[in-house]
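What follows is each chain in one-letter form.
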Amino acid sequence: DLSDSFQEEQGQGGETHQTTQDGGAVLTTSQGVPVADDQNSLKQGARGPTLLEDFHFREKIFHFDHERIPERVVHARGYGAHGYFELTESLSDITRADIFQRVGEKTEAFVRFSTVAGSKGSPDVARDVRGFAVKLYTKEGNWDIVGNNIPVFFIQDAIKFPDLIHAAKPAPDRGFPQAQTAHDNFWDFISLSPESMHMVMWIMSDRTIPRSFRMMEGFGVHTFRLVDADGQSSYVKFHWKPKLGLQSVVWNEAVKLNGADPDFHRRDLWDAIDAGDFPEWELGVQIFDQEFADNFDFDVLDATKIIPEELVPVRIVGRLVLDRQVDNFFATTEQVAFCTQNIVPGIDFTNDPLLQGRNFSYLDTQLKRLGSPNFTHLPVNAPRCPFAHFQQDGHMAMHNPAGRANYEPNSWGPTQGGPREDPARGFTSVAATPDGDKLRIRPESFADHYSQARQFYVSQTPIEQKHMGDALVFELSKVERPDIRSRMLSHLMHIDDGLAGTVASGLGLPLPEKAKAAVSPKTDLPPS
Ligand code: HEM
């Protein structure tokens, strides 16, 4: 009962003063000085002026003035929770990663779900890709799988990312539209980027209007490597499969929800955990070797392609459970810093040019967003395993090197000299052979932009195909320029004649000539 811990009195001007009784917490300044009156600034006489000497007033307003930090340049709106990963099948024969060794062992995790294009205050059920970022606090360092709820991406090379995002975010002159993708700039960029056609099929599907974060799949998207104790590597794709299955709303519901409850998804996650109904996913891996990669119809380094599950089945190796809400949204969900370059011994990158670019981008943006190179000192970002290094100083340094030495090699011995290298346990990169000359070029093996788009479309049920057709008609009907609509139709004709016809008639447009394709799409692929 709160009334036990304070006494309530009215001040001279009618304002409410709640003063502590014995045992209650005392309000202080950030320097710890007890505050006697938090309702009135210090004035010369009851009617002022206010005095510069009022350090409590100045400190309080100063701190408030600096509460905001820049929102994430993408994925600004998100919601997170704590939980754990539990290994159900050991991968010790394939990787030395500590997290994959001992069945039944739990590893602490933090997950943040997000939309991509909207601002921090945008509605939850916008048609958009969802981020699915997982931080795993392993015994050999933090490993982040910074994925999405769609297994492919719009672009093949990270150098196009600023253009993609500029086109998807509000137009520079008018500052709208905010959260939806339905506008000229987005479809202009997409229609000029045939590599995005596979992703377009996925974003026009119901996957971009999920019923709940708890009912979404997650994907690491890129091909990564698993590396064993002898340095031998396999390729791997990571999948999160929701225990509740995949579920979406329909567009009509999405539009209403965005008006009635813009917090629909975050409320759902909070309430589920509150009720003890803990959201859960299985971790699946598709593991394949160089021979498979060499014989695959597409390039495994191309993030616009999947590895079909009938070719490489998904093997379930663990479960992720979210069982604890954050204590404070800003401290945790806003300040968490995921980064694709956070990998651990036993995991490695491939040369996927999208992944290589991401590895630069996240750390760079987080310095700006969080304001200090010491953001790993924040509890949500700090490793849970022992860590020691010679990084020091900078804004907000919480743990500088202890002892005499802040450099190595040094002569100060084990107690004073600080941490040393560990060639046996330390991270080593796979010794991959470079491909050839230094070039600014896209490989031919990345050139088939339509086959897997078709494969995805034909794998959908008739009602799902109808939703995709409706979504394309709705989105493209918001595009004012006829040449952009037509250009989109010219791509759809490579994907599926029926779909192209439906969208053309929905828009009241004739079918144009097919887009020029860099390579002929394959028509004989089985549905994915
Ligand atoms: C943020 C996923 C491509 C740059 C995020 C987040 C996710 C994500 C899930 C939100 C992390 C969080 O919750 O805090 C992906 C996926 C991609 C992709 C799956 C493609 C496979 C890219 C590319 C770039 C990029 C190509 C840049 C070259 C960023 C940046 C942020 C971000 C700058 C904001 C990070 C922050 O402020 O902490 N991305 N992304 N992303 N992404 Fe990506």
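Definitions and limits used
- Residues numbered from 1 in each chain as written.
- Predicted model: local features only at pLDDT ≥ 70, side-chain atom pairs only at ≥ 80, totals over all residues.
- Helix = DSSP H or I, 4+ residues; strand = E, 2+ residues; numbered from the N terminus.
- Buried ≥ 20, exposed ≤ 12 C-beta atoms within 10 Å, placed from the backbone.
- Near = placed C-beta within 6 Å.
- Nonpolar A, V, L, I, M, F, W, Y, C, P; charged D, E, K, R; others polar.
- Pairing = 2+ DSSP bridges.
- Axes fitted to C-alpha atoms, helices over the stretch in contact; angles between N-to-C directions.
- Contact = placed C-beta atoms within 7 Å.
- Parallel < 35°, antiparallel > 145°, perpendicular 65-115°, else oblique.
- pLDDT = per-residue confidence, 0-100.

> Before we move on, could you go through the overall build of the protein chain and cite the residues and values that matter?
Assigned secondary structure in the protein chain consists of 14 helices and 12 strands. Expressed as a percentage of its 528 residues, the buried residues of the protein chain come to 37%.

> Run through the site of the ligand, naming residues and quoting values.
Around the ligand lies a shell of 28 residues, among which Arg-72, His-75, Arg-112, Gly-131 and Ser-361 are the nearest. If you list the elements that add at least two residues to the shell around the ligand, you get strand 4 (106-115), strand 5 (130-138), strand 6 (141-148) and helix 9 (353-370). Partitioned by chemical class, the residues of the shell around the ligand number 14 nonpolar, 10 polar and four charged.

> Could you give an account of the pairing of strand 8 (residues 224-227), with specific residues and numbers?
Judged from the four bridges that link them, strand 8 and strand 9 (residues 233-242) form a sheet pairing that is antiparallel. Note that in strand 9 the partner of Arg-225 across the bridge is Tyr-235. Counted between consecutive antiparallel strands, the loop separating strand 8 from strand 9 contains five residues, among which Gly-231 sits at a positive phi close to 85°. Looking at chain direction, strand 8 and strand 12 (residues 347-348) are connected through two bridges and run antiparallel.

> Describe the packing of helix 2 (residues 161-168) against helix 3 (residues 184-191), with residues and values.
Close contact between helix 2 and helix 3 brings their axes to 7 Å; oriented N to C, the two are set at 145°. Taking contact as the criterion, the partners of Asp-163, Leu-164, Ala-167 and Ala-168 in helix 2 are, on helix 3, Asn-185, Phe-186, Asp-188 and Phe-189. Of the residues belonging to the contact of helix 2 with helix 3, the class tally is five nonpolar, one polar and two charged.

> A description of the pairing of strand 10 (residues 280-288) should follow, citing residues and the corresponding values.
The pairing of strand 9 with strand 10 spans eight bridges and is antiparallel. Of the residues in strand 10, the one forming a bridge with Val-236 is Ile-287. Both strand 10 and strand 11 (residues 315-324) contribute to a ladder of six bridges, which runs antiparallel. Bridge pairing in strand 11 links Glu-280 to Val-321.

> Give me the lowdown on the environment of Asp-483, citing residues and values where you can.
Tracing the sequence through the fold places Asp-483 in helix 13 (residues 482-495). Asp-483 sits in the exposed class, given 11 other C-beta atoms within 10 Å. In sequence terms Asp-483 and Asp-188 are 295 residues apart; their C-alpha atoms lie 9.0 Å from each other.

> Hey, could you go over unusual backbone geometry for me, with residue numbers and the actual values?
Cis rather than trans, the peptide bond between Gly-48 and Pro-49 has omega equal to 10°. Locating Pro-49 in the fold gives a position in the loop between strand 2 (16-20) and helix 1 (55-65). Even without a glycine there, the phi angle at His-75 is positive, about 55°. Positionally, His-75 belongs in the loop between helix 1 and strand 3 (78-87). Given 22 C-beta atoms within 10 Å, His-75 falls into the buried group. The backbone phi angle of Asp-393 is positive, close to 65°, even though this residue is not glycine. Within the secondary structure, Asp-393 is located in the loop between helix 9 and helix 10 (413-416). By C-beta crowding, Asp-393 is classed as exposed, having 10 other C-beta atoms within 10 Å.

> Give me the packing of helix 13 against helix 14 (residues 497-507): which residues, what numbers.
Taken N-terminus to C-terminus, the directions of helix 13 and helix 14 make an angle of 155°; their axes are 6 Å apart at the nearest point. What the angle tells us is that helix 13 and helix 14 run roughly antiparallel. In this structure, helix 13 contributes Arg-485, Leu-489, Leu-492, Met-493 and Ile-495 to the contact, and helix 14 contributes Asp-497, Leu-499, Ala-500, Val-503, Ala-504 and Leu-507.

> Before we move on, could you go through the confidence of the model for the protein chain and cite the residues and values that matter?
Confidence along the protein chain averages 96 in pLDDT terms, with 98% of residues attaining 70 or more. As a predicted assembly, this complex carries a pTM of 0.96 together with an ipTM value of 0.96.

> I'd like a rundown of the environment of Ser-248, residues and numbers included.
In this structure, Ser-248 sits in the loop between strand 9 and helix 5 (251-260). For the pair Ser-248 and Phe-186, spaced 62 residues apart in the sequence, the C-alpha separation amounts to 23 Å.

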